[in-house]
Amino acid sequence: FLEENPGTLTTQADLSSPEAARAFVTSIYANLNVIVTGSGGWGGNTLSLLEFMSGKADGVPQTEAFRFNQLTYDSQSFYIDTYWNGLYQGILRCNVALEQLPQFSVLSEQELTDYLAEVRTMRAFYYFYLVRMYGDVPLISEPVRELSDVNRPRVPVKTIYDEIIIPDLLAAENSDLAWRRTNGEVSMGFIKSLLADVYLTYAGHPVMAGSQAYAASAQRSMELLDQVGTVYNLFPEYTDMINPDNKNSGEFIFQVQFDKINRTNPLTPVCLPTFAGISVYSNEFGGLVPRQEFVESFEDGDKRVQEKQYFITEYNGETLGGHYIYKWFDQTAVDEDARSELNFSVYRLPDVMLMYAEASNRAEGSPNGMAIEMVNEIRERADLDPIGSMGMENFEEEVWNQRYFELCFEGKIWFDMLRTRKVRNDLTGEYDNFVGHTNVFNSTFAEKNLLFPIPLREMDVNSELEQNPGF
Amino acid sequence: ASGADEEMEISGEMAINVTGTIVDQNGEPLPGVSVLVQGTTTGTVTDLEGNYSIEVPEGGALVFSFIGFKSQVIQVADQSQINVTMEEDARALDEVVVVGYGTLKKSDLTGSVGSVKGDKLIDRSQPNAVKSLQGRIAGVEVLNNQNSPGASARIRIRGINSINSGVNPLFVIDGVIGADLNMINPADIESVEVLKDASSAAIYGARGANGVIMITTKRGEKNLNQISYDSFVSLSHRAGSVKTLNANQFMEIYNRAFDNAAKYDPQGFAQGRYQRADPADFPDLFDANGQPIYDTNWEEEIYNPAWAQNHNLAFRGGSNTTSYNVSLGYTNEDGIMMNSGFERFTGKIALDSDIKPWLTIGGSMLGTKSSRRVVDDANGALNVARMTAEALPIIPLRYPDGRWGSNADWPGTEGGENPVNIAQNRYTDVNITQMYADFYMNFKITQDLEFRSTFSTIFDTNKSNFYSSRNLRLLSADQRGVASVGMTKRLYWQNENFLTWNKSIGERHRINGMFGFSWQRDQFENLSVRSEGFIDDFFQWRNIRAGNIIPISGINGNVGEAGLNSFFSRWNYTLDDKYLLTVTGRYDGSSRFGRNNKFAFFPSIGLGWNLSEEGFMDGLSGVNKLKIRGSAGSTGNQEIGNFNSLQFLGTFNVLKASGNEIGISQTSFGNPDLLWESTDQFDFGVELGLFNSRLMMEADLYYKKTKNLLLNAPLPWSTGFSSVLQNIGSVENKGLELTFNTVNIEKGDFMWTTDLNWSTNSNKILSLGANDADIFPGPWFLGQTNILRVGEPIGSIWGRVRLGTWNQDQADQAAEYGLLPGDIRWQDLDNNNVINANDSKIIGRMYPKWVGNITNTFQYRNFDFSFEFRAVQGMDVINATLHSVEDRQTLANSYATVLDAWRPDNQDAMVAEVRAWGTPYLTNMDTHWMEDGSFVRLQNLMLGYTVPANILSRYNINRARFFLSGQNLLLFTEYTGYDPEVNTFEGAGQLPQGLDFFPFARPRTYSAGVNITF
């Protein structure tokens, strides 16, 4: 009489169908949007955290942009807990899938290998964010089931790379996953891009794994670049990126999915000027707004900074009072239905092209022809003159410049600053050392700003944790 | 001390036939009076004319007793006619109270039981039975937080002893466990008994920890057929006003705010971020001189006087063996907020019949159908209540061409719609149908032993229909109209069986024993669908597919069920009517608990001593009643929802390029060791009656400690989960309750009585989780609003200390915080020149230090007059509204308090200097938003006139009374919002109280009514 029969699944449930196996794999994508989700106060978004930190953007007061601009954030500040919580929830789902999938006898060996590759790639992805944001973190590679087992200590960054991120991705490389999967799932293209990024970061701060890692990174970028012309192609126009027909195609490698019905892109209204009345959106947040100093630091003649490329300054004859991000400006949503369906890119081709340029330059000590060509293709699309041969360091700065301009507000720049410990000074155009760099809000980076604090709630709950220095 | 203690001898040889008539003090015949030969079970009852006839052995005596009257013992001697005038026992010395699974004489009780008769409940002209209970019983707090018609009220008994488990008392309606008193028509209620301590509540074991409220509905009386009609109409209006800026003031603040933008964001100002609108560009709103054309007072547009009516018709009576009750009720109440309203039909049928000398059967059905139109939903969003304050005064209700005025008509605002537009184009209709049915069989096995078996069900359906139209910006315009339909269905049944043994052994010992067992099962199902993208506002929820977008997240359904299996027993022993002992125990099994802990036992013991029965008290002639009692015991709390002990694999939707796909993963941590919360409770009570019960006093002191607190204990997020229910933590409540009932003057036709109750409760958290970490239970409102911290009470308000604003001569100090003169000045608790989350502390309390109610009643001839004051003292209210109306100039309209904001010529201000929205500015929970919420309210005032019996008898009317009454006529408080008895976050957790964010204003109500009995 007192037994519970919930009519739904418990961990004791007996599942056997191939669709159920697929559902365990599908679950790993549920937290992919943690990198671009509403968080904090009115107009807040997790993406904004990284852009506020870089000093290239601010937002309305409710986003508490000023805390990050002025470097007064702490372990209770917005966004920091959303990432931590969401990334680890993604890891749980990956761990559950890794535990459950081998029990499905209906899967062929190849299917199982491919499924596991998909899951391990996403687990590496989630951990890659964790180590870059928080440094040493608890390493959890199986679902935690016992209450006595929930408090886990932090494990060094390098161990996480060596025991989870890199092995997961190396295993995934050996799958038969296609170079592009148009449904938005893990593809070989994503695995190679992620591994290129992981090795590039591993080569830099804080692990400093050196030239072998640069070479390993360049190798993966190169493998992907070999698919250019068949699988991947640069869009001719920047505005091709805000054409919903182009989602998951062209230069896009891996994206967070949005559509009109189930989940709309939150960045579209977040990036509109506050209550300017230029759209059908009830809320035009102004939650993520470029700093004028950054916009003005683009090279003269750069197409990307011209009207309606990456930015707008007026719309329908209304002057907006500054530059606003145009990268997620879904025209139909803005004018007609307030339902933005544009995807958010995790990796797109120029990112990998520039990763190749940077990694091969470091691995070989100077830019090779391919590296220069990659930079020039990006410059060409921006109507900029090509560069010629350069020394390693000058070339590297040129690559970084292109990353700042090409990939601005896509959640990339902050991580570049951390791994290079260099910051492009908007006012001088020079690269300052990270520690000691003073941003346009007149705040100066210190050592402690290299890592976010562990969220206070997590510190309170898990007695095994130690806080990052300075928080 | 009672008389006639001498031994009786019954010869049986000689018998006298005694007849007589029994009347009350007014000479009216009393039917149904029990006439008993003393010391025997031989007896009869009086007929409709009050007559009786009985054989009495020689030398015998007769005992005349009737509920509500003093019993009398008369020696027969050689009288053959004995007429008796019964004296009313207004102080109800020996009233019978309903306890779980039976009734007890109040004098035999060892526990703390509060009682209210049904006629008191309908005094309030209030269709909600829970609200009618407010202020009636010490220690029983009704929080009447919501003013929309048909809204429920919260009820808490002796404080709060749980955090994540339920805090509501258990309602038992005619034995049906787990009913909802909010749904019962007060006119159908005979009495309400509240079991407050462990001795009385432990009989409900795992569900008794929050106290038990027993409702007995009206039944027919044998041989007394009557028809009654009770009715009132009432008129309500908004009791208070909160001033907002008028059109000219708004423009003045608007312009000043833009002027100040240059000071607070010079860089943004230089870049042209702050562009004020020019009246010349808005000829619809401004005349040629730039003066506003309109000056709309939105409070007056939205709140209008509203009528209500209430009718109850009842037929009650019966024959010698069978009694019946048929009653019908109708309520129709319009809310003072336009378009809100409530309508309810109730019906009840009850039947009881002695079909055999050894068998009584009976049952009742109670049905309620109600509909409620809610227009003030979406608290927090730009809803009706909020736009009543925030709609701009320069905007008209409608333009001459018929278009709605909207804040969006004035650039740079948040763009909410005007409240009248919202109230007309967004609503939820909540339709509830409830049916209670119960059936019993009562077997009289021997003179002393009875067996009762009951079967009861509750059938409950709730359907909510919602539509929000295509034109409402910030509510449903982005979605092009939103409709939803939600249904829940609940089916509950219980079967209870118990034996009752009532035995007197000699003159000295009385034993009342009860043993029983029961099964209960509760099943629910729900389903809801939401759609968006309507092609026209015509269709609404009635044609939900006229919306062409039905997101998968808009389709929800689930099922659940829970079972309980219990064994229970209670033993009462009374020695010499002086010494009382009660022992109870309940052994409960619940499906909600972990596999390893399905059953638990809840015992209690109570002791009582009727000192006034002792010989040594005879000298104290003024004391006619003195009783002390004490109890200890344990009760449980199992209200944690179903299935919490299990580790679930959940399904959820994951978006792919081709649309949603199903994902499966583990979605709950689960805890197989879950068990009930248990509350150990100690109660000590004194009952005192002085001067022939003209002064009655009852005092109770209690201590409760809840252990194994079910806590949604936070888990490290690194596990992938947020929390798991665990039995860790404990909390205590202690308090004092006082009740006084006095007859101040009783002289001829005049009587003045006073009823007063007073209670205080103090709550303290003793431990929380494994390492006593603070918990913020929410809701979050620009910062945490309250905190759970060991050593502090539940409901501790969390925030900053606002010292005022920075003055011009403090500019250097302000600069250390990156602030300017005119900015808010908070106390820097850790003196580190940064104001952040570490500068918050406990700044107040949500729950009062004490609550008191005093009612004075005057009777003069046929007039009665009463008034009741309610005092709630020592609590704070978070006036969160102030965030939106003091800190957001240019986005919306503001409260008139911003006229007193900081200016160079007004530096001693609490409100920061006005500035265009968008400049860096912090607004957080602080002491300025927290206000003293203590209040004294003239709760109820009533004047009644009972038509004299000699006039009524001409029309065959037994009783007719007309009355006028008023509710909430006066309010004394320093609170600046509409009313300090408020909580607009009822959905956001059960612990917080007094969080006020754009409430539905409280009405003041005037009623006129009639009570007629044929």
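Residues numbered from 1 in each chain as written. Chains lettered and ligands numbered in written order. Predicted model: local features only at pLDDT ≥ 70, side-chain atom pairs only at ≥ 80, totals over all residues. Heavy atoms only, no water.

**Student:** Can you walk me through unusual backbone geometry in this structure?
**Tutor:** For the bond from His205 of chain A to Pro206 of chain A, the omega torsion is 0°, close enough to zero to count as cis. Residue placement: Pro206 of chain A occurs in the loop between helix H7 (188-203) and helix H8 (211-225). A positive phi angle, close to 60°, is found at Asn248 of chain A, a residue other than glycine. Within the secondary structure, Asn248 of chain A is located in the loop between H8 and strand E2 (252-256). With a phi close to 55°, Asn968 of chain B is a non-glycine residue in the positive phi region. (Helix = DSSP H or I, 4+ residues; strand = E, 2+ residues; numbered from the N terminus.)

**Student:** Sorry if this is basic, but what is going on with the domain arrangement of chain B here?
**Tutor:** By a widely used convention, the size of an interface equals the accessible area lost when the partners come together. Here chain B is partitioned into domain 1 (15-85) and domain 2 (809-839). Here the C-alpha centroids of domain 1 of chain B and domain 2 of chain B sit 84 Å apart. (Domains from an automatic or database assignment.)

**Student:** Quick question: what am I supposed to make of the sheet that holds strand E50 (residues 995-996) of chain B here?
**Tutor:** Sheet strands pair via backbone hydrogen bonds, and the direction of the pair is either parallel or antiparallel. If you walk across this open sheet you meet the three strands as E47-E46-E50 (chain B), and the pairing is mixed. Every other strand in the sheet has two partners, leaving strand E47 (930-932) and E50 of chain B as the edge strands with one partner each. (Pairing = 2+ DSSP bridges.)

**Student:** Would you take a moment to explain the interface of chain B and chain A for this structure?
**Tutor:** Contact with chain B, which involves 84 residues of that partner, is made by 81 residues of chain A. Contact between chain B and chain A buries roughly 6900 Å² in total, counting both sides, with carbon and sulfur atoms accounting for 56%. On the chain B side of the contact with chain A, Leu649, Leu655 and Trp717 of chain B bury the most area, a combined 12% of that side's loss. For the interface between chain B and chain A, the tally reads three salt bridges. Across the salt bridge formed by Asp58 of chain A and Arg273 of chain B, the nearest N and O atoms sit 3.5 Å from each other. Summed over the shared surface of chain B and chain A, the result is 21 residue pairs in polar contact (both at pLDDT 80 or more). When residues of the side of chain B that touches chain A are traced back to their parent elements, those giving at least two are helix H5 (266-271), strand E25 (509-534), strand E27 (555-575), strand E28 (579-590), strand E31 (649-656), strand E32 (659-666) and strand E36 (723-727) of chain B. Looking at the side of chain B that touches chain A element by element, the count peaks at seven residues for E32 of chain B. (Contact = heavy atoms within 4.5 Å. Buried area = accessible area lost by both parts, 1.4 Å probe. Salt bridge = Lys/Arg side-chain N within 4 Å of Asp/Glu carboxyl O. Polar contact = N/O pair within 3.5 Å; in protein donor to acceptor, adjacent residues only side chain to side chain.)

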